[in-house]
Amino acid sequence: MGERRAFPRLPLPVPVGFERVGDDTLVAGTTRDISLGGLRATTPMVLPEGAHATVVLELSSGPPIVAVVEVLSQTILIEDVSIETRCRFVSISAEDRMRLAAELRGVQGESGRRSR
């Protein structure tokens, strides 16, 4: 049986910072896609599966979105010497969730207009 997502993932490359809980090191990356349930990003550093991290997403407008994620898996990408990190949101404020939903609706609207 195939994987079923609660939320559709949309391509939205934005700067993202990861700070592992209990560690002051900030790791910069770029998202590949985002949903209301989580994100996939490329980073230069390994984050252990199951680790929790604070993420800061720099959207196109407004203040950054801050959330806590759990690392689900990582894959080393040879072609661009980086690591693809898949995460699920564990904690995100209602306000940031609404802002993210609005941003994703905009992306979805843009991709719908391009495919016509």
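Up top is the structure.
**Digging into the pairing of strand β7 (residues 82–92)**
Then step 1. Pairing geometry for strand β4 (residues 38–43) and β7, over 6 bridges, is antiparallel. Looking at β7, one finds that Ala-41 is bridged to Thr-85.
Then step 2. In this sheet, β7 lies alongside strand β6 (residues 65–77) in antiparallel orientation, the contact comprising 10 bridges. Residue Ser-73 lies in a different strand from β7, and its bridge partner there is Arg-86.
Then step 3. Hairpin connection between β6 and β7: a loop of 4 residues separates the two successive antiparallel strands, and Val-81 in this loop has a positive phi of roughly 45 degrees.

**Looking at the nonpolar core**
Then step 1. With 26 residues, the main nonpolar core has Phe-18, Ile-34, Leu-39, Leu-57, Phe-89 and Leu-100 as its most contacted residues.
Then step 2. Mapped onto this core, the elements with two or more residues apiece are β2 (15–20), β3 (26–34), β4, β5 (52–57), β6, β7 and α1 (94–114).
Then step 3. Apart from the residues lying within four places of it in its own chain, the contact partners of Leu-39 are Phe-18, Asp-33, Ile-34, Leu-57, Thr-85, Arg-86, Cys-87 and Phe-89.

Quick notes on the rules
- Residues numbered from 1 in each chain as written.
- Predicted model: local features only at pLDDT ≥ 70, side-chain atom pairs only at ≥ 80, totals over all residues.
- Heavy atoms only, no water.
- Pairing = 2+ DSSP bridges.
- Helix = DSSP H or I, 4+ residues; strand = E, 2+ residues; numbered from the N terminus.
- Core = buried A, V, L, I, M, F, W, Y, C linked by side-chain atoms within 4.5 Å.
- Buried < 20%, exposed > 50% of the residue type's maximum accessible area, 1.4 Å probe, protein only.
- Contact = heavy atoms within 4.5 Å.

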